[in-house]
Each structure stands twice: as structure tokens, then as C-alpha cells.
Amino acid sequence: MYVTAVESRPAGVLGSSQSTAHRPFGARLMAFVALTKPRIIELLLITTVPVMFLAERGVPDLTLVLLTCVGGYLSAGGANALNMYIDRDIDALMDRTSQRPLVTGMVSPRECLAFGIGLAVVSTLLFGLTVNWLSAWLSLGALLFYVVVYTMILKRRTSQNIVWGGIAGCMPVLIGWSAVTNSMAWAPVILFLVIFFWTPPHYWPLSMKVKDDYARVGVPMLPVIAGNKAVAKQIVLYSWVMVGVSLLLTPLGYTGWFYTAVALAAGGWWLWEAHALLNRAKAEVTGGKLKEMRLFHWSITYVSLLFVAVAVDPFLR
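Everything numeric in this text was worked out from a predicted model, so none of it was measured.

Enquirer: Is there a simple way to explain the overall build of the chain in this structure?
Expert: Tallying secondary structure elements over the chain gives 15 helices and zero strands in all. Over its C-alpha atoms the chain spans a radius of gyration of 20 Å, differing by no more than 12% from the 20 Å that the globule rule assigns to 317 residues. The C-alpha extent of the chain, read off along each of the three principal axes, is 65 × 55 × 35 Å. Within the chain, the fraction of its 317 residues that count as buried is 55%. Within the chain, residue pairs in contact and separated by at least 24 positions form 76% of the contacts whose partners lie at least 6 positions apart. Within the structure as shown, the chain displays about 14,000 Å² of accessible surface, and the carbon and sulfur contribution to it stands at 68%. Within the chain, the 15 negative side-chain charges are centred at a point lying 5 Å from the centre of the 24 positive side-chain charges.

As C-alpha cells, this is what we get:
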């Protein structure tokens, strides 16, 4: 079993003798924005808004879309801030996270904790009072799952952390649908599963790139405890299931030819890249020649194309 990494230097090492209140307001403001991990939230919104178009079978109420996006941003931002609060010890030891606000001291741990809890409360109330309470509970459930189940329980204990922890990242699909319909259906469940099976092969290539960071702090990401060949095999397996699940929307009557064409083309290219990575791993290619980040970058393009197709398809049927 992996244990929590021992903090070798305190979070907030930058200017530790200087009060955070005396640091530039602009820098402090950007630090609080950074706590929400806005680049990750962009991806969450990409999976939320198109589902609202699918649920409406056209253009949903734009005020509702705005409220759902704001609520989703605040909820995910709160989850990410609480994640940084819990992980501040290992963030200080990893090259990839060494410039996060708690590590540099631009934000104190107490401020981060209050900020994260505040965003969680505000986002839940915003969803409940302006969208609907089903969306509010789904949003709060996603936040708690990410913070408690993934960050506090799974991340430092099992190589399955990303597999099951990724459930939190699937929830925006359900939230987008429920915001429009105040109910559930098979379409959002299928798209939930697409993101579920997408998350491991999306994140494992990045983990392969920075596995030394994770190994140093005792976080058992799959590439830390398994060789490149074993990881690549898992990536290919999840990729095939993901593409197969993505094609279920059409036979169930939720999408038509346009979505199907995009899902086949984008999925086919994904599988090509996944198998290419496996072939390089089998050949024991290492370092930059492994090109694991090719699949990581393509994975973001893939999910963007797929969900744009989800939004556009209702207008072409």
C-alpha cells in the first residue's frame, strides 16, 4: 500500500515571511483563478453544453446554458481548489505542480480551503435555485466524489485511481442533460460511459511522460507500477471500448448520420494512434521516441470533435 508522501518543504515557501495580504492584487487574483484549474474546466464545459443541445433537440434556452456553465465552473473550481489543498504536500515535490499557488505561497492553505468550500456552496445553491435541484445534487456529488473518493482515498493507494476517480469528470454530461430536462435518459448515460472509458487512455499517456514525478511522491499511477507495454495494452483496450460505446447513440435513435460519421472518423484515428503507441512500446522505444504525448493531445481533440458533433447533429436530422 502506498502512503502519503512526507512533505519535505512547507507549502507556501515563496516569501513565507511575507503576509499574503501584501502581495500584488493582480497576482493574487490570478492565483485564485489558478486554483480552479480553468484549462481543465474548459474541457468539462465542452462535454456539458453540447449535451444540452442534444437534450433540447435544438437550441436550448441561452440563459439556462449560461447558468449551467457558471454553476459548473464554480463547482469544478471548488473541487479543484480542495484537491490542491489536500495535495499541497506532493505538489511541492513534483516538477509539474511546483508553481501552483499553494506551493509558491501566493495563497495560504486556509484561504484555499475556505475558497474551495465557498465555491462548493455557491455552485450548489446556484444550480438548485436557478436551474433545478437534480442538477444541483449531481454537481455536488461530482465535487464530493472528486475530493473524497479520488483525491483522499484512491489517488495515493491504487493504480486504478484514474479509472474510478474519472467518474467525477463524467458527471457534466449528466448535468447538461438534467439542466434541460430535469430527468435522465439513455443518451447521457451513454455519453457518461464514453467519458468514463476515455479518461484512462487520455491521462495515462501524460502519466507515462511524468511517471518519475509520481514515483517520487509515491502516487501509484499505472505507468509507475507497470511497464510501457502493459500500460499501452490497457490504453488500447479502453480505446476500443470507448469507440464502441460512442457508436451506440445512433442505433438508439438519439443521433443521425453526421454524429456517426464524426464518431467513426475520430474514433478510427484514435485507435490508429493507440495501436501506434502500443507498437512503439512493444519495440521497447523509450524517451522522446515513444511519442506518448501524441495520443494525449489527440484525446483532447477527439472529445471536442465528438461533442461538437453531438451539438450539431440535431440540426441535420
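From this point, the narrative continues.
Enquirer: Could you clarify how one ought to interpret the nonpolar core in this entry?
Expert: Side chains of a nonpolar character, in soluble globular proteins, are inclined to be buried together. If you look at the biggest cluster of nonpolar residues, it comprises 66 residues, and the most contacted ones within it are Leu191, Trp270 and Tyr302. For this core, the element with the most residues is helix 10 (residues 186–209), which contributes 11 residues. In contact with tryptophan 270, other than residues within four places in its own chain, are Trp198, Pro201, His202, Ser239, Met242, Leu295, Trp298, Ser299 and Tyr302.

Enquirer: Would you explain unusual backbone geometry in this entry?
Expert: A negative phi angle characterises most non-glycine residues, just as the trans form characterises most peptide bonds. One non-glycine residue, lysine 37, lies in the positive phi region at around 50°. Look at glutamate 284: it is not a glycine, yet its phi comes out positive at around 60°. In this fold, glutamate 284 is placed in the loop between helix 14 (257–282) and helix 15 (292–312). For glutamate 284, a relative accessible area of 67% gives the class exposed.

Enquirer: Help me understand helix 3 (residues 62–86) in this model?
Expert: An α-helical segment advances 3.6 residues per turn. Residues three or four places apart therefore align on the same side. Between the first and last C-alpha of helix 3 there are 36 Å, a value that for 25 residues agrees with the 36 Å anticipated at 1.5 Å per step. For helix 3, the N-terminal cap is aspartate 61; the gap from its side-chain oxygen to the backbone nitrogen of threonine 63 is 3.1 Å.

Enquirer: I would appreciate a short explanation of the pattern of salt bridges in the present structure.
Expert: Side chains that carry opposite charge are capable of pairing whenever their charged atoms lie near each other. Going through the model one piece at a time under the given rule, you end up with eight salt bridges. Measuring nitrogen to oxygen at the nearest pair gives 2.7 Å for the salt bridge that ties arginine 294 to glutamate 273. Of this pair, arginine 294 sits in helix 15 while glutamate 273 sits in helix 14, and the two are 21 residues apart along the sequence. Several salt bridges converge on common partners, so that one network encompasses Asp87, Asp89, Lys155 and Arg156.

Enquirer: Even after reading the chapter, I still don't get the packing of aromatic side chains, so can you show me in this structure?
Expert: The geometry of an aromatic ring pair comes down to the distance between the two centres and the angle between the two planes. Evaluation of the coordinates by the stated rule reveals 11 aromatic pairs. When the ring of phenylalanine 32 is compared with that of phenylalanine 115, the centres are 5.2 Å apart and the planes differ by 70°; the resulting orientation is edge-to-face. Taken together, the residues phenylalanine 32 in helix 1 (residues 25–35) and phenylalanine 115 in helix 6 (residues 109–131) connect sequence positions 83 residues apart. Measuring from ring centre to ring centre gives 5.5 Å for tryptophan 204 and tyrosine 238, while their planes differ by 80°; the resulting arrangement is edge-to-face. With tryptophan 204 in helix 10 and tyrosine 238 in helix 13 (residues 228–246), this pair connects stretches of sequence that are 34 residues apart.

Enquirer: Help me understand the side chain of arginine 100, please; the structure alone is not making it clear to me.
Expert: You can see arginine 100 is positioned in the loop between helix 4 (88–91) and helix 5 (101–104). Beyond its immediate stretch of four places on either side in the chain, arginine 100 contacts Lys37, Asn83, Met84 and Asp91.

Enquirer: I keep staring at the environment of valine 59 and nothing clicks. Help me out?
Expert: Tracing the chain through its elements places valine 59 in the loop between helix 2 (38–56) and helix 3. Apart from residues lying up to four places away in sequence, valine 59 is in contact with Phe53 and Phe315.

Basis of the calculations
Residues numbered from 1 in each chain as written. Predicted model: local features only at pLDDT ≥ 70, side-chain atom pairs only at ≥ 80, totals over all residues. Heavy atoms only, no water. Helix = DSSP H or I, 4+ residues; strand = E, 2+ residues; numbered from the N terminus. Rg over C-alpha atoms; globule rule 2.2 N^0.38 Å. Buried < 20%, exposed > 50% of the residue type's maximum accessible area, 1.4 Å probe, protein only. Contact = heavy atoms within 4.5 Å. Areas by Shrake-Rupley, 256 points an atom, 1.4 Å probe, with all protein chains shown as cover. Lys, Arg positive; Asp, Glu negative; His and termini not counted. Charge placed at Lys NZ, Arg CZ, Asp CG, Glu CD. Core = buried A, V, L, I, M, F, W, Y, C linked by side-chain atoms within 4.5 Å. Expected span 1.5 Å × (residues − 1). Polar contact = N/O pair within 3.5 Å; in protein donor to acceptor, adjacent residues only side chain to side chain. Salt bridge = Lys/Arg side-chain N within 4 Å of Asp/Glu carboxyl O. Phe/Tyr/Trp six-rings, centres within 6.5 Å; stacked < 30°, edge-to-face > 60°.

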